[in-house]
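Fold and geometry: a report
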Amino acid sequence: QVQLVESGGGLVQPGGSLRLSCKPSRGFFSVRSMAWHRQFPGKQREFVAMLRPLGPIMNYTESVKGRFFISGDDFGSTVELQMNSLKPEDTAVYYCSIDGWMTELSGRSEYWGKGTLVAVSS
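Residues numbered from 1 in each chain as written. Predicted model: local features only at pLDDT ≥ 70, side-chain atom pairs only at ≥ 80, totals over all residues. Heavy atoms only, no water.

Remarks on the nonpolar core
The nonpolar side chains of a soluble globular protein tend to be buried with one another. Formed by 30 residues in total, the largest nonpolar core has its most connected members in W36, V48, F68, I70, L81, M83 and Y94. Of all elements in the fold, only strand 3 (18–24), strand 4 (30–39), strand 5 (46–52), strand 7 (68–72), strand 8 (79–83), strand 9 (92–101) and strand 11 (116–120) reach the threshold of two or more residues within this core. No other element matches the four residues that strand 9 contributes to this core. Not counting residues within four places of it along the chain, the set of residues in contact with F68 comprises R38, V48, Y60, L81, Q82, M83, N84, L86, D90 and Y94. (Core = buried A, V, L, I, M, F, W, Y, C linked by side-chain atoms within 4.5 Å. Buried < 20%, exposed > 50% of the residue type's maximum accessible area, 1.4 Å probe, protein only. Helix = DSSP H or I, 4+ residues; strand = E, 2+ residues; numbered from the N terminus. Contact = heavy atoms within 4.5 Å.)

Following this line, the structure appears as C-alpha cells:
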C-alpha cells in the first residue's frame, strides 16, 4: 500500500499565499488523476482541484478559479496546490488524492492523505 503525506498548511493572513505539497510513500506505475479536496468544520469533504496528466486536464471548483493552481507529474511523485489571494472562507483541512496504478499488473485504486490544516485569519 501507499501513504500520501500532505505538508505546507498553516496560518496565513487574508490575501496571503500557501503552497501545499503531497508526496506518496512510493512511486506509482501510472497516474490517472491527482486531486485536492477540503473539508470545512462540520461539513462534508468537497472537491477543490483536479489534474489529469494525460492532456493535461485541470478542473477547479468555482470559488478557487484564478487563485488556486494544481500541479504534478505523470507519476504522482509530487502533487502541489498553489493557493493565492487566500480568504477566511478557504479555512479548512486540505486532502490530496491520487488515482492510479501501483504496478502494471495491479488494478487502479484511489489513495488519500490524512490532511493538512489551512487557516486564513488576521
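Quick notes on the state of the cysteines
Here, the word disulfide means a covalent bond between the sulfur atoms of two cysteines. Following the criterion strictly, the structure yields one disulfide and no others. Through a disulfide, C22 is tied to C96; the S-S separation comes to 1.9 Å. Handedness here is read from the sign of the S-S torsion; for C22 and C96, about 45°, the answer is right-handed. A residue pair is termed long-range when its members are at least 10 positions apart, and C22 in strand 3 and C96 in strand 9 qualify at 74 residues. Here C22 and C96 have matching classes, each one buried. (Disulfide = S-S within 2.5 Å.)

Re the side chain of S97
Position of S97 among the secondary structure elements: in strand 9. On the basis of relative accessibility, which here comes to 2%, the residue S97 falls in the buried class. Residues contacting S97, with those up to four places away along its chain left out, are L4, S33, M34, A35, H37, E110, Y111 and W112.

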